[in-house]
Amino acid sequence: MFITFEGGEGAGKSSIIPSVKTWFESKGKQVMITREPGGIDISEKIRGIILDPDHVHMDSRTEALLYAAARRQHLVEKVVPALQSGIVVLCDRFIDSSLAYQGYARGIGFDEIMNINAFAIDRWMPDLTIYLDVDPKTGMERIHANKDREINRLDMEALSFHDKVREGYLAVAARYPERIQRIDANPPLSIVIQSVQEVLNHFMKKRMME
């Protein structure tokens, strides 16, 4: 199973994904956590270029192409081999991030981003995507309150940009309602984790019936 987690900055993905790993392991599953951009050496180096605060003048299409390149290498080197070995892959971000951030918020367009990524992912799509929907103002407050978190280039964007990212995610979720499950990520972490587990229970029951 390939499960991805999406959301704007400060949505809580890094806190929630480990709880999902524990949930699957309690059911006897072997689980791997990874992230985008990154997860492997080449993609982590591309991540450094994309998120470097000094690269504020990066062109939007350059940004989109770098994400797709990192995604391709990560997919073929780490994700696909794990899936083919029967491992449950939990990935922090995947193609929907590109659709929301570059396709919508940067104004490149959904179809253009899908075309770039169709070449990169070669039909490998998540079985389930959990979209953690947080109010952008709340998300940014969480980030700036976390002293251990390094502020990257995207964190430096104006709140209006993060508002557009959220609009983009909602539009993407409307396009793929069977795959993407929206969860309110504004409440306390324990409540959000409970909501995620309810989605996972439903998802697993549905898979068993197929």
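Because the structure is a prediction, the values reported are computed rather than measured. (Residues numbered from 1 in each chain as written. Predicted model: local features only at pLDDT ≥ 70, side-chain atom pairs only at ≥ 80, totals over all residues. Heavy atoms only, no water.)

Draft legend 1. Broad picture of the pattern of salt bridges. Scanning all chains against the criterion turns up 17 salt bridges. Of the charged contacts, one joins Asp96 and Arg179 as a salt bridge, the two residues approaching to 2.7 Å between their closest N and O atoms. Pair noted here: Asp96 is in helix H4 (residues 95-105) and Arg179 is in the loop between helix H7 (159-175) and strand E5 (180-184), with a separation of 83 residues, a long-range link. An identical accessibility class is assigned to Asp96 and Arg179; each is buried. Where salt bridges share partners, they join Glu63, Arg106, Arg153 and Glu157 into one cluster. (Salt bridge = Lys/Arg side-chain N within 4 Å of Asp/Glu carboxyl O. Helix = DSSP H or I, 4+ residues; strand = E, 2+ residues; numbered from the N terminus. Buried < 20%, exposed > 50% of the residue type's maximum accessible area, 1.4 Å probe, protein only.)

Draft legend 2. Structural detail: the UniProt feature "binding site: ATP" (unreviewed entry) in the chain. Here, the residues flagged by UniProt with the feature "binding site: ATP" (unreviewed entry) are Gly7, Gly8, Glu9, Gly10, Ala11, Gly12, Lys13 and Ser14. Mapped onto the fold, Gly12 is located in the loop between strand E1 (2-6) and helix H1 (13-25). Structurally, the position occupied by Lys13 is in helix H1. When its relative accessible area of 10% is taken as the criterion, Lys13 is described as buried. With residues near it in sequence (within four places) discarded, Lys13 still touches Phe5, Glu6, Gly7, Pro18, Asp92, Arg93 and Leu132. (UniProt positions renumbered as here; feature names shortened; annotations may be inferred. Contact = heavy atoms within 4.5 Å.)

Draft legend 3. Spatial organisation of the packing of aromatic side chains. Counted under the stated rule, the structure contains six aromatic pairs. Between Trp23 and Phe24 the ring centres are 5.0 Å apart and the planes differ by 90°, which places this aromatic pair in the edge-to-face class. Judged by relative accessible area, which is 0%, Phe24 ranks as buried. Between Tyr101 and Phe161, the ring centres sit 6.2 Å apart and the planes meet at 55°, which makes this aromatic pair tilted. A residue pair is termed long-range when its members are at least 10 positions apart, and Tyr101 in helix H4 and Phe161 in helix H7 qualify at 60 residues. There is no split in this pair, since Tyr101 and Phe161 are both buried. Grouping aromatic residues by their ring pairs yields a cluster made of Tyr101, Tyr131, Phe161 and Tyr169. We note Arg71 situated over the ring of Phe94; from NZ or CZ to the ring centre the distance is 5.5 Å. Its guanidinium or amino end placed over the ring of Tyr176, Arg179 lies 5.0 Å from that ring's centre, counting from NZ or CZ. (Phe/Tyr/Trp six-rings, centres within 6.5 Å; stacked < 30°, edge-to-face > 60°. Lys NZ or Arg CZ within 6 Å of the ring centre and 35° of its normal.)

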